[in-house]
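Listed here are the chains, written in short residue letters.
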Amino acid sequence: MRNVLCETLISLASDLQFVFLTGDLGFGALEPLKSAAGSRFINAGVAEQNMVSVAAGMARSGLIPWVYSIAPFLYARPFEQIRNDVCLHDLPVKLLGNGGGYAYGPMGATHHALEDYGALLTLPNMHVFVPAFAADVPVIINKLSQFDHPAYLRLGRCELPSNFILPPYSSWRKLISGDGSLLLVVGPLAGGILKEAMLLEDSKRPNMWVLSELPLALESIPTKFLNELHETKHLIVAEEHCEHGSAGQSLSHALALLGESIPRFSHRCARGYISHTYGSQMFHRKECGLDPDSIVSA
Amino acid sequence: MTKEPFEEMYSDLVRRTKLRLLRMHYESKVGHIGGNLSCLDILMALHHRVMQPEDTFLLSKGHAAGALYSTLWSKGILSDLDLKSFHSEGSHLSGHPAPNWISEIPFATGSLGHGLSLAAGMAHGRKLRGIPGKVYCVLSDGEMQEGSTWEAIHYANHQKLNHLTLLVDKNGLQGFGSTQEVAGLDRITEKLRSFGLAVIEIDGHNADDIIAACKSIICGPVAIVANTRKGCGVSFMENQMEWHYLPMSEAQYHQACDEVGRS
């Protein structure tokens, strides 16, 4: 997704309001953007608190800042700067966090982002975008360039099966139909699950949806999803994020507010480090029951 | 030496603004008066004698909101009615500057260590857009203990933010001790200089010093270390840490007004 991000940002770099800040990250990926943006590509160094406040100051001066780092360094270290300087003032600062969930796998726990959107969605005016596939990134970036509020983009690695024709981007998207459970997935996790689900017979294949924007507004829930909820015996939400502040919690809350009765409900989410050992993104997904086999057989 | 009429008028305006600040804090029974009095001369000189219409001011030491509100009152931007609402229910004049209210307060501050980065961002944004105007930022000396302040200093110097001026209100006292006791902060000038800034040290209660330092033509971001006295102008408050917190009694308020009125 990072290369697509870079290409899309290059297309915006000639805009007079464009400015990009990185916390000394992007080697091997963002060099073309650096060339295209010139003085508007700023390596703000290993100083994330300053970088976020500087971005807020730039936004106050009429620029649209895009701020990039490895996800946890972008939302956790400078959380107060995001809260006070960006969100309280509803400034159009775009936070680009690379490596959502366990994406940085073997790099270890400090590099994982398991509570990013949950934490950020507690802040006023904040909106979160979680592309599930690389093709979503340009659509979201172009949407963000016109979006006059704080935003966080959670990037990961695209896992779209090569033989699947992806429907156009939407905050809620139906991917496949079946007579099994109703499954809502957040983020790139969707790709691997999709690959497994496509192999299943109709009776076991889930009705699979992907959600890409938060907070989850009641009115955003498609009627078609609600109709499928009325028909299903099992609702599953899967996301590479901890339970607190998750999309699963938001959905169950929203359905309760709508007066919908929820059938059997399973929430597959990040569970931290169950064995206290570390490995690839798939290793951690398996420990949490987030691997495709576990989800489609749930 | 006899003052020029303009100088006399300005001194009178500063005196009236200090009295207004005291009244506002007394009526609302709010503390923090010591740190307000230490930086009021700086804020007044900036707003009346230094800043041009295209310039921007940011108060990083948000606990001196009273000094900022009083200064804006002296400029006719805030009214007596506004000041009367200080610290009250439904007010825009909270104890620390609030967000999204008037353009003269571009950011809510109060958590220390944010202001200089915000000011650097505004200065850098202007530079990138080719917009004229300087950005002035007032920090407390205790705030120099925040790591983010030094991140901002590093950034401002490296990015050659020539239109950024930071002023440190060096009153030597912080929340629970002197800056020297708490953090060995007696050599701020040397520390700032070691980060590459042009540094000028002045008497922060002398308007001529403040104006001269701000107008001095130096390339690069400028740091002005302003030596000040917490509670300046009120004998029982001067250099007393407790006036970081205490509200004034009626007797103390009248004594403070007498002393400031005679100054």
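Residues numbered from 1 in each chain as written. Chains lettered and ligands numbered in written order. Predicted model: local features only at pLDDT ≥ 70, side-chain atom pairs only at ≥ 80, totals over all residues. Heavy atoms only, no water.

The number of helices and strands found in chain A is 12 helices and 12 strands. When the backbone C-alpha atoms are referred to their principal axes, chain A occupies close to 55 × 40 × 35 Å. A total of 298 residues make up chain A; the buried ones form 59% of that total. Excluding contacts between residues fewer than 6 apart, the proportion of contacts in chain A whose partners are at least 24 apart in sequence is 75%. A total accessible area of about 11500 Å² is found for chain A, and carbon and sulfur atoms account for 53% of it. The positive charge centre, built from 22 side chains, and the negative charge centre, built from 28, are 2 Å apart in chain A. (Helix = DSSP H or I, 4+ residues; strand = E, 2+ residues; numbered from the N terminus. Buried < 20%, exposed > 50% of the residue type's maximum accessible area, 1.4 Å probe, protein only. Contact = heavy atoms within 4.5 Å. Areas by Shrake-Rupley, 256 points an atom, 1.4 Å probe, with all protein chains shown as cover. Lys, Arg positive; Asp, Glu negative; His and termini not counted. Charge placed at Lys NZ, Arg CZ, Asp CG, Glu CD.)

Helix and strand counts for chain B stand at 10 helices and 7 strands. At 17 Å, chain B has a C-alpha radius of gyration in line with the 18 Å of a compact globule built from 263 residues. When the backbone C-alpha atoms are referred to their principal axes, chain B occupies close to 50 × 45 × 40 Å. In chain B, buried positions account for 58% of the 263 residues. The contacts in chain B between residues at least 6 apart in sequence include a share of 73% that link residues at least 24 apart. Summing over all exposed atoms, chain B offers an accessible surface of approximately 10900 Å²; the carbon and sulfur share of this is 52%. Looking at chain B, you have 24 positive and 29 negative side-chain charges, and the mean spots of the two groups are 4 Å apart. (Rg over C-alpha atoms; globule rule 2.2 N^0.38 Å.)

Residues and elements named next belong to chain A. In terms of residue burial, helix α8 (residues 189-197) counts as a mostly covered element, since 7 of its 9 residues are buried. Along α8, the positions that sit buried rather than exposed are Leu-189, Ala-190, Gly-191, Gly-192, Ile-193, Leu-194 and Ala-197. Against β7 (172-176), β8 (182-186), β9 (207-211), β11 (234-239), α11 (281-288) and α12 (292-296) lie the buried residues of α8.

So, about the interface of chain B and chain A. With 23 residues of chain B at the contact, the number on the chain A side is 27 residues. Taking both partners together, chain B and chain A bury about 2000 Å²; carbon and sulfur atoms supply 56% of that area. Considering only the side of chain B, the residues that lose the most area to chain A are His-114, Leu-128 and Glu-151 of chain B, jointly responsible for 28% of the buried surface there. Linking chain B with chain A are 0 salt bridges, by the criterion used here. The interface formed by chain B and chain A contains 12 residue pairs in polar contact (both at pLDDT 80 or more). At the level of elements, α5 (115-129) and α6 (147-158) of chain B are the ones that each hand at least two residues to the side of chain B that touches chain A. Element by element, the count of residues in the side of chain B that touches chain A is highest for α5 of chain B, at 10 residues. (Buried area = accessible area lost by both parts, 1.4 Å probe. Salt bridge = Lys/Arg side-chain N within 4 Å of Asp/Glu carboxyl O. Polar contact = N/O pair within 3.5 Å; in protein donor to acceptor, adjacent residues only side chain to side chain.)

With that settled, the discussion passes to the sheet that holds strand β6 (residues 198-203) of chain B. Backbone-to-backbone hydrogen bonds join strands into a sheet, with any given pair of strands oriented parallel or antiparallel. All names here are of chain B. Spatially, β1-β2-β3-β7-β6 is the arrangement adopted by the 5 strands of the open sheet, whose pairing is parallel. Either end of the sheet is taken by a strand with one partner, and the two such strands are β1 (56-59) and β6. Between one strand and the next, the sheet's axes are offset by a mean angle of 20 degrees, whatever the strand orientation. Here helix α9 (residues 207-215) sits on the sheet and contacts β2 (135-140), β3 (164-170), β6 and β7 (222-227); the angle it forms with β6, its principal contact strand, is near 170 degrees. (Pairing = 2+ DSSP bridges. Axes fitted to C-alpha atoms, helices over the stretch in contact; angles between N-to-C directions.)

Another aspect to go through is the domain arrangement of chain A. Residue and element names in this part refer to chain A. Per the domain assignment, the segments of chain A are domain 1 (2-155) and domain 2 (172-296). Between the C-alpha centres of domain 1 and domain 2 there is a distance of 26 Å. Listed by partner, the interface residues are 26 residues for domain 1 and 31 residues for domain 2. Note on domain 1 versus domain 2: buried area summed over both sides is about 2100 Å², and carbon and sulfur give 61% of it. (Domains from an automatic or database assignment.)

It is worth spelling out the nonpolar core at this point. Counting residues in each nonpolar core, the largest one holds 77 residues, and the members touching the most others are Leu-21 and Leu-251 of chain A together with Leu-192 of chain B. Looking at which domains feed residues into this core, each of domain 1 (2-155) and domain 2 (172-296) of chain A supplies at least three. With residues near it in sequence (within four places) discarded, Leu-192 of chain B still touches Met-144, Trp-150, Ile-153, Val-168, Leu-197, Val-199, Ala-223 and Val-225 of chain B. Among the nonpolar cores identified, the runner-up in size contains 54 residues, and Met-51, Ala-67, Leu-68 and Tyr-253 of chain B belong to it. (Core = buried A, V, L, I, M, F, W, Y, C linked by side-chain atoms within 4.5 Å.)

Turning our attention to the packing of helix α3 (residues 48-60) of chain A against α6 of chain B. Closest axis-to-axis distance for the α3 of chain A/α6 of chain B pair is 8 Å, and the angle between their directions is 65 degrees. Of the two elements, α3 of chain A crosses α6 of chain B, and the hand of that crossing is right-handed. Counted together, Glu-48, Gln-49, Asn-50, Val-54 and Met-58 of chain A of α3 of chain A and Ser-148, Glu-151, Ala-152 and Tyr-155 of chain B of α6 of chain B form the full contact between these two elements. Taken together, the residues that form the contact of α3 of chain A with α6 of chain B break down as 4 nonpolar, 3 polar and 2 charged. (Left-handed = near helix turned anticlockwise from the far one by under 90°. Nonpolar A, V, L, I, M, F, W, Y, C, P; charged D, E, K, R; others polar.)

Another aspect to go through is the packing of aromatic side chains. Inspection of every chain in the model, using the stated rule, returns 13 aromatic pairs over all chains. Ring plane angle 20 degrees and centroid distance 5.2 Å describe the contact between Phe-20 of chain A and Phe-41 of chain A, whose orientation is recorded as stacked. Of this pair, Phe-20 of chain A sits in strand β1 (residues 18-22) while Phe-41 of chain A sits in strand β2 (residues 41-43), and the two are 21 residues apart along the sequence. The pair Phe-20 of chain A / Phe-41 of chain A is uniform in exposure class, with both members buried. Measuring from ring centre to ring centre gives 6.4 Å for Tyr-75 of chain A and Tyr-152 of chain A, while their planes differ by 70 degrees; the resulting arrangement is edge-to-face. Taken as a pair, Tyr-75 of chain A in helix α4 (residues 71-75) and Tyr-152 of chain A in strand β6 (residues 151-155) lie far apart in primary sequence, 77 residues in all. In terms of burial, Tyr-75 of chain A and Tyr-152 of chain A fall into one category: buried. Cluster of aromatic residues (ring-pair linked, three or more members): Phe-20, Phe-41 and Tyr-68 of chain A. One Lys or Arg, Lys-29 of chain B, reaches over the ring of Tyr-26 of chain B and ends 5.4 Å from the middle of that ring. (Phe/Tyr/Trp six-rings, centres within 6.5 Å; stacked < 30°, edge-to-face > 60°. Lys NZ or Arg CZ within 6 Å of the ring centre and 35° of its normal.)

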